[in-house]
Amino acid sequence: MFSDYLYRLNRRYYSDPAVVEDYAGYTSLLAAEETILGRLDGDLRDRRVLDLGVGTGRTTGHLRPLARFYLALDYSANMLGHCRGVHRQAALILCDARRVALPDRSFDVAFYAWNGIDEVDHDDRLRILAETWRVLVPGGRLAFSTHNLDCERISAFRPPELKWRGSLARTLRRATTDLTGAATGIFNRLRMKRREVHAPTHSIVNDHACRFSLLTYYISKRQQARQLEEAGFADVEMVRPDGSPLPIDEECRDDYIYYLARKPA
């Protein structure tokens, strides 16, 4: 079953200690997230905040101080283990966002940062939105990002650029690394391309990230707005990666878009 294959593929990747170490190096908010927090300031102060797909805790240090109660979850034990080591006082649980073991109407705000919702297939994505809607109170807010199907590049293979690195030995070492990575990317691309999904409403693509080793969900902004509305959300807003607002009728070629939506009161 494709959904199980995709779930296992991506979960295995995000449980890799080398990937955990790489993600641990990121601690700052993105510009779009800064904008979202500014928009939500009144909805965050002394409220209950759920941080879905928290990973190594990049958002924890920014969200937890604002909340009356903060809870974060992730399906990777290794990612969550690193988060626990850094944020020792934070409430963290090992949990699958498709089946959130939390009561109805128990949170005021939910975050799903850095395109984490794109690591599952279409049906599982709808389950995540339904679960998030369920645990939010009426009037609760959802903020998340997702890959943009209208972006300039998705799956195009780019050969490495061989640049002079200051010395012949250093240049050769870097060239060897780049060419090895390119060969790995070509192998992964040939292996994974046949598993891509291209539907009228979305695509699941073997994109350029992670040396073409994963499959990632992409959706246009109009389809994403419709998907949110069909899940029961309203008042959908969009934010570009640079933090500027994105009107629904404005062209966008950015790799991803942040969305802000409300569960009707």
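Above this text is the structure in question.
Sequence order as written defines the numbering, with residues in each chain counted from 1. Local features in this predicted model are restricted to residues of pLDDT 70 or higher, and side-chain atom pairs are both shown and tallied only at a pLDDT of 80 or more, whereas totals for entire chains, interfaces and linings draw on every residue. The side-chain numbers reported here are obtained from all heavy atoms of the structure, hydrogens and water having been left aside.

A. Broad picture of the overall build of the protein chain. A count of helices and strands for the protein chain gives eight helices and 10 strands. Each residue is assigned to one of three classes by its accessible area relative to the maximum for its type, calculated with a 1.4 Å probe on protein chains only: buried under 20%, partly exposed between the two thresholds, exposed over 50%. The buried share among the 265 residues of the protein chain stands at 49%. What makes two residues a contact is simply this: any of their non-hydrogen atoms within 4.5 Å. For the protein chain, contacts bridging at least 24 residues in sequence account for 67% of all contacts bridging at least 6. For the protein chain, the accessible surface area stands at approximately 13,100 Å², while carbon and sulfur atoms represent 52% of it. What counts as a helix is a DSSP run of H or I of at least four residues, what counts as a strand is a run of E of at least two, and both are numbered from the N terminus. Only the protein chains shown count as cover for residues, and the accessible areas themselves come from Shrake-Rupley with a 1.4 Å probe.

B. Geometry of helix α1 (residues 2–14). One fewer than the residue count of a helix, multiplied by 1.5 Å, yields its expected span. When the terminal C-alpha atoms of α1 are compared, their 18 Å separation across 13 residues agrees well with the 18 Å that a helix rising 1.5 Å per residue should span. Looking only at α1, the buried set comprises S3, Y5, L6, Y7, L9, N10 and Y14.

C. Fine view of the packing of aromatic side chains. Classification of ring pairs rests on two measures: the distance between centres of Phe, Tyr or Trp rings, Trp counted by its six-membered ring, which must be within 6.5 Å, and the angle between planes, read as stacked under 30 degrees, edge-to-face over 60 and tilted in between. Under the counting rule described, the total for this entry stands at nine aromatic pairs. The interplanar angle of 80° and the centroid separation of 5.4 Å between the aromatic rings of Y7 and Y75 together place this pair among those described as edge-to-face. Separated by 68 residues along the polypeptide, Y7 in helix α1 and Y75 in the loop between β2 (69–74) and α5 (77–86) bring together distant segments of the chain. Taking the relative accessible area as the measure of exposure, Y7 reaches 13% and is therefore buried. Using a relative accessible area of 15% as the deciding quantity, one classes Y75 as buried. On the numbers, 5.9 Å between centres and 80° between planes, the contact of Y14 with Y23 is edge-to-face.

D. Structural view of a positive patch on the surface. Here, patches come from residues exposed beyond 30% relative accessible area and free of salt bridges, joined within 9 Å for like charges and within 5 Å for nonpolar side chains (Val, Leu, Ile, Met, Phe, Trp, Tyr). We define a salt bridge as a side-chain nitrogen of Lys or Arg found within 4 Å of a carboxyl oxygen belonging to Asp or Glu. The charge count treats Lys and Arg as positive and Asp and Glu as negative. His and the chain ends do not count. All charge positions are set by atom: Lys at NZ, Arg at CZ, Asp at CG, Glu at CD. Residues R8, R12, R191 and R194 make up a contiguous surface patch of positive charge. Position of R194 relative to the elements: it lies in the loop between α7 (168–192) and β6 (197–198).

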